[in-house]
Amino acid sequence: MKRQSAAKIDTPFDPLALRRVLGRFATGVAVVTAEGGEAGMVGMTMSSFNSVSLDPPLVLFSVARSALSLPVLRGAQGYGISILGHHQEHVSNRFARPLEDKWSGVEVRRGESQVPLIEGALAHLECAPYACHEGGDHEVFIARVLRFSAADGGDPLIFFGGRYRALASGEAGHGQPSHASQGQRP
Ligand SMILES: Cc1cc2nc3c(=O)[nH]c(=O)nc-3n(C[C@H](O)[C@H](O)[C@H](O)COP(=O)(O)O)c2cc1C
């Protein structure tokens, strides 16, 4: 896996103000998981998940250097990505905290590559490591998609302005979100 490093760049502005601005970009919510052998399974709620390339099939997610899961993710043979539905806010909250046992009460199955996948999610991807880049206080993981599946229908869990949201309707431009609740991103 390629690793890149970059020189430290000074930030001339308030990081909280920048966070507020970046929070104006609505995202879905995924849980990225990996099997850590003796370290056990790890899983993290991730709004930085995104698509990169169709050929080859690549996706990315960025992991805070402070995340306890980082060492396992760095050494993992594969990653499971579960794209959460709006009914899975409790799952998002569970995997957004550095808990000893994030998994109790969460329905999990193994993918073909043995990565943990969260039942009831809108879509699942099984991925292999492709590249890892330095990204300031995060590390940017690029992963190659090995296989995927998606549920028929279902609304996504959305994160916007530091809160969970739900689609107001199936189409853009129709009114205000019908539901919002506080997220846990530190
Ligand atoms: C909606 C939401 C999105 C998040 N997205 C990310 C992310 O993209 N990258 C990241 O490093 N942490 C993200 N977090 C925070 C992690 O999920 C959280 O720090 C988690 O406790 C890390 O687990 P660990 O320390 O056990 O590895 C997000 C949290 C929430 C609630």
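The protein chain is annotated in an unreviewed UniProt entry as Flavin reductase of Xanthobacter tagetidis.

## Brief notes about the site of the ligand
What surrounds the ligand is a group of 22 residues, the closest being Ser48, Ser62, Ala64, Ser69 and Lys102. In the model, an oxygen atom of the ligand is placed 2.9 Å from a nitrogen or oxygen of the Thr45 main chain. Take Leu68: an N or O atom from its main chain is 2.9 Å from an oxygen atom of the ligand. Starting from 640 Å² of accessible surface for the ligand in isolation, the protein chains cover 94%. Counting only elements with at least two residues in the shell around the ligand, the list comes to strand 4 (41–46) and strand 6 (58–64). Split by residue class, the shell around the ligand holds 12 nonpolar, 7 polar and 3 charged.

## A look at the pattern of salt bridges
Inspection of every chain in the model, using the stated rule, returns 7 salt bridges. Here Arg109 makes a salt bridge to Glu119, at a shortest N to O gap of 3.8 Å. Of the two residues, Arg109 is situated in strand 8 (residues 108–110) and Glu119 in the loop between strand 9 (116–118) and strand 10 (123–135); the sequence distance between them amounts to 10 residues. With a relative accessible area of 32%, Glu119 lands in the partly exposed category. By sharing partners, the salt bridges in this structure join Arg65, Arg74, Glu134 and Glu139 into a single network.

## Section: the packing of aromatic side chains
All told, the structure shown has 5 aromatic pairs when counted by the stated rule. With centroids separated by 5.3 Å and ring planes inclined at 85°, the aromatic side chains of Phe61 and Tyr79 adopt a geometry described as edge-to-face. Pair noted here: Phe61 is in strand 6 and Tyr79 is in strand 7 (residues 79–83), with a separation of 18 residues, a long-range link. In this structure Phe61 comes out as buried when scored by relative accessible area, which is 0%. With a relative accessible area of 0%, Tyr79 lands in the buried category.

## Concerning helix 1 (residues 15–22)
Along helix 1, only 0 of the 8 residues are buried, which leaves the element largely exposed. N-capping of helix 1 is provided by Asp14, with a side-chain oxygen placed 2.9 Å from the backbone N of Leu16.

Conventions we followed
Residues numbered from 1 in each chain as written. Predicted model: local features only at pLDDT ≥ 70, side-chain atom pairs only at ≥ 80, totals over all residues. Heavy atoms only, no water. Near = heavy atom within 4 Å. Polar contact = N/O pair within 3.5 Å; in protein donor to acceptor, adjacent residues only side chain to side chain. Areas by Shrake-Rupley, 256 points an atom, 1.4 Å probe, with all protein chains shown as cover. Helix = DSSP H or I, 4+ residues; strand = E, 2+ residues; numbered from the N terminus. Nonpolar A, V, L, I, M, F, W, Y, C, P; charged D, E, K, R; others polar. Salt bridge = Lys/Arg side-chain N within 4 Å of Asp/Glu carboxyl O. Buried < 20%, exposed > 50% of the residue type's maximum accessible area, 1.4 Å probe, protein only. Phe/Tyr/Trp six-rings, centres within 6.5 Å; stacked < 30°, edge-to-face > 60°.

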